[in-house]
Structures are given as structure tokens and as C-alpha cells.
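Descriptive structure summary
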Amino acid sequence: MSGPVCFDAPTLIAIKRDGHRLPDAGIDWLIDGYTTGLVAEEQMAALLMAIYLRGMDEHENARWTRAVMASGERLDFSGVGRPTVGKHSTGGVGDKITLPLVAVVAACGAAVPSASGRGLGHTGGTLDKMESISGFTPALPASRVRDQLSTIGAAIFAAGQLAPADVKLYALRDITGTVESLPLVAASVMSKKLAEGTDALVLDVKVGSGAFMKELDDARELARRMVGLGTAHGVATRALITDMSTPLGCTVGNAVEVAEALEVLGGGGPPDVVALTVRLAQEMLALAGIDGADPAQTLRDGTAMDRFAAMVAAQGGDLGVPLPLGACTETVTADQSGFMAHIDAMAVALAAWRLGAGRARPGEQVQHGAGVRIHRRPGDPVAAGETLFTLYTDTPERMAPALAELDGGYRVDDTPPQSRPLIIETSP
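One structure accompanies this document, and this report is about it. (Residues numbered from 1 in each chain as written. Predicted model: local features only at pLDDT ≥ 70, side-chain atom pairs only at ≥ 80, totals over all residues. Heavy atoms only, no water.)

**Focus on helix α5 (residues 98–107)**
Of all ten residues that make up α5, nine are buried, and the element is covered over most of its length. Restricting attention to buried positions, one finds in α5 the residues Thr 98, Leu 99, Pro 100, Leu 101, Val 102, Ala 103, Val 104, Val 105 and Ala 106. At the exit of α5 stands Gly 109, carrying a positive phi of roughly 110°. (Buried < 20%, exposed > 50% of the residue type's maximum accessible area, 1.4 Å probe, protein only. Helix = DSSP H or I, 4+ residues; strand = E, 2+ residues; numbered from the N terminus.)

See below:
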């Protein structure tokens with residue numbers, strides 16, 4: 001009788017380095033070993049780079065996802081009295097959609113558990129945004145999440161023991177240049193979302209200069225993989241592919257995005273943020289089997305705002321305390337009159353990151369008041385000398401590098417640009 005198969009990290013790294021499929025049991029051993037500290041950070045970093053360069057086939061991707069999900073608990077929200085539905089974005093610039101969306105969908109009768117993460121690479125993190133609200137805590141035990149879903153219908157909380165392997169992998173990808181790997185994005189998203197235990201899931205797959213997926217074909221493949229992973233686990237899953245060539249809304253950062261989300265919940269806010277919030281809510285409600293609800297009406301009549309305020313209060317937050325704003329400011333003004341022709345999402349994201357809205361090392365504290373305000377969106381008329389962007393930080397020496405990132409990241413032309421669709425397609 002043969003004994004147990006033994007694995008070691010150098011051998012598995014070499015297998016993937018050379019372009020071969022990782023064995024199932026090897027993936028299980030690797031993820032468990034990394035979670036418990038048996039596999040060193042530098043070894044996992046080397047493997048992540050090998051995956052980035054060599055990829056994973058669908059079988060490997062599914063096994064990796066399953067192993068990451070199995071590293072922690074899986075929540076069970078059956079019996080909360082509402083159909084449960086989740087949402088996840090693959091990461092964008094100015095993407096504060098989760099904040100109004102969970103409240104809108106809860107106001108329509110569903111329960112939305114949102115296990116969220118922190119900023120990754122150039123993209124913002126929902127937890128970083130929510131923690132800019134005075135007193136808000138994302139650290140909720142499963143029992144608290146269940147109670148909150150039963151009474152309010154919404155909770156935004158730290159993943160905690162959901163896929164703890166992904167928490168470590170997420171931070172390591174952030175500092176090793178492996179964030180954009182398609183199979184790693186798919187596994188990271190789906191391990192956490194499947195562990196949430198919802199009945200249905202809607203994915204917002206971003207494509208464009210400010211997204212991890214720059215090309216439409218890559219975004220389609222990512223959407224297809226994630227929908228397949230969800231469906232295989234018995235979760236009704238749908239994906240929207242949305243444009244991320246320009247930032248969503250008029251703010252990029254943490255507290256500035258929360259302020260904009262509150263504008264949306266108050267019945268105002270930028271049209272693109274409102275439109276995407278409503279469309280994603282419609283898709284989520286359809287998968288949850290809730291008919292006849294009008295997501296847009298919850299923004300107009302204040303019921304979504306009521307849900308958001310109740311959720312924040314339940315998690316210790318105080319919306320009555322002013323949101324922080326960086327004390328050091330600079331403006332970028334127009335050199336000529338015309339129309340705002342283009343704003344590069346990546347340039348704005350890197351500017352906000354330089355200002356302190358993101359992190360360069362795992363566990364680094366972000367500046368909640370750092371960020372960028374966009375005063376003229378693509379298509380808007382521009383007068384010479386008027387303010388196009390305002391930058392905020394509490395660290396004056398960060399301002400020059402941020403301005404350098406923004407330089408060349410926008411264009412004013414004599415004629416307005418052609419409009420681009422925000423929602424490109426649905427999969428499936």
C-alpha cells in the first residue's frame with residue numbers, strides 16, 4: 001500500500017514555473033500550509049508570480065478556490081426571514097457602489113451580507129471607506145451579522161474567519177505585482193463570496209484602464225470563470241461587465257467617497273453612480289426572487305438612507321460626526337476652454353494612492369481624509385482657469401508625487417467626446 005503523498009513548496013513552485021498543472025492534493029497542502037505558516041511568505045510570493053506568468057486552467061482554478069474557501073468557516077444565513085443575495089466588484093476607481101447598494105436592496109426586502117476587504121493595489125477598499133465614519137466597526141461575529149440581516153437587512157463586515165487564506169494572499173498579491181492575475185482574482189472573489197453563504201450573487205466585472213482587466217476579452221473570461229464557480233457551488237450567479245476607463249462618480253478616496261454615497265442615498269449624487277446602483281439592485285432582486293420592488297424609489301423616498309443609517313448605527317458608527325478631509329489641498333486648473341474629453345481612471349487612482357488613500361505595505365494605515373475630487377466629468381464644458389480637480393492629504397510632502405501622477409491623466413478638447421456605455425454586457 002502506498003503511503004501519503006508528500007509535497008514541498010519548492011517542487012510546487014517549479015511545477016507552475018515550468019507551465020504545468022498543480023496537483024489537486026498539492027494545492028490543498030499549499031493553501032493549508034500557507035495559512036498555518038508552514039509555507040513561507042517568500043515561497044508563496046514566488047508561486048503567485050509563477051501563476052501570474054503561467055496562469056491556471058479551470059480545474060486548477062476551481063481547486064484553488066475550494067481550498068481557499070475551506071481554510072475557514074462558511075456562513076449559513078438560512079432562516080433570517082429574507083432571501084439572501086451578495087454583490088462583489090472586481091475593483092475600480094471611485095467605486096463606492098457597495099455603500100448605497102446594500103441599503104437599496106435591503107429596503108426592497110432582501111438581506112445583503114457584504115464581507116468586504118481593504119484596498120488592493122490602486123483600487124479602494126470598502127472597509128477603508130466605511131472606517132472613515134466615526135466609530136464604525138466592521139469586526140462582527142457571525143451571530144451579529146445574522147441578527148443585523150434579520151432586523152435591518154444589511155451588514156458590511158470584515159471577512160474575519162471567512163477564507164483566512166485569502167486574507168493573507170490578498171495582502172501578499174498587493175505588494176508582489178500579482179494583483180491582476182485572472183485566476184487569482186477569480187479565486188479571491190469567489191472563495192469569499194461563496195463562504196458568505198448567500199443564495200444568489202451578482203458580480204460587477206470592471207474593464208478598462210482603471211480595472212485589473214484592461215481588455216474586454218479578459219473581463220469576459222473572468223466573468224465566465226466566476227459565474228461557473230458560483231453555479232457549480234449551487235449559488236445563482238450573474239455578472240455585469242462595466243466600464244472602468246474613467247472613475248465612477250466625482251470622488252476617489254475614502255471619506256470623500258462615503259460623502260458621495262450619502263448624496264446618492266439622499267436622492268442626488270452623480271448620475272453614473274446612481275445608474276449602476278439601481279441596475280445592480282435590479283439584478284440582485286431578480287436573482288433573489290423579489291418582484292415588483294423599485295430600487296430607484298428607495299433613493300427618492302429615503303427608505304434606503306434609513307437602512308444605511310440603521311446599519312451604520314448598529315455597527316457603532318455616527319453619521320453626525322463630520323467625515324475627515326485632508327488639511328492640505330491643491331487644485332488643478334484648466335489651461336484652455338473646451339470640453340473635458342477624457343479622465344484616465346488609473347492616473348486618478350495613483351494620485352489618490354500617493355496622497356495616502358491606499359497602502360504600500362500590508363497593514364499600513366490609510367489616510368481616511370486623503371483623496372481626489374473631480375469637478376468636471378468627461379463631456380462637461382470647461383472654462384480656462386477653472387478648477388478641474390482638488391487633491392486632499394494630511395501629509396504635504398505627498399502632494400507633489402500625486403500631482404505628477406495626475407499630470408497627463410486628463411485631456412480638454414474643443415469638442416465633447418463620444419459617450420461610452422457604463423454597462424457593457426451581462427454574463428450569462
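**Comments concerning the packing of helix α4 (residues 58–69) against helix α10 (residues 216–232)**
Remark: α4 packs on α10, axes separated minimally by 11 Å, with the N-to-C direction vectors making an angle of 55°. Put simply, α4 runs oblique to α10. Note on packing geometry: the crossing formed by α4 with α10 is right-handed. Side by side, α4 and α10 meet where Glu 58, Asn 61, Ala 62 and Thr 65 of the first sit next to Glu 221, Arg 224, Arg 225 and Leu 229 of the second. Across the contact of α4 with α10, the residue classes break down as two nonpolar, two polar and four charged. (Axes fitted to C-alpha atoms, helices over the stretch in contact; angles between N-to-C directions. Parallel < 35°, antiparallel > 145°, perpendicular 65-115°, else oblique. Left-handed = near helix turned anticlockwise from the far one by under 90°. Contact = heavy atoms within 4.5 Å. Nonpolar A, V, L, I, M, F, W, Y, C, P; charged D, E, K, R; others polar.)

**Things to note about the environment of Pro 381**
Among the structural elements, Pro 381 can be located in strand β10 (residues 381–382). Residue Pro 381 is classed as exposed on the basis of its relative accessible area of 53%. Considering only alpha carbons, one finds Pro 381 and Met 340, 41 residues apart in sequence, at a separation of 6.4 Å.

By themselves these figures say nothing about function.
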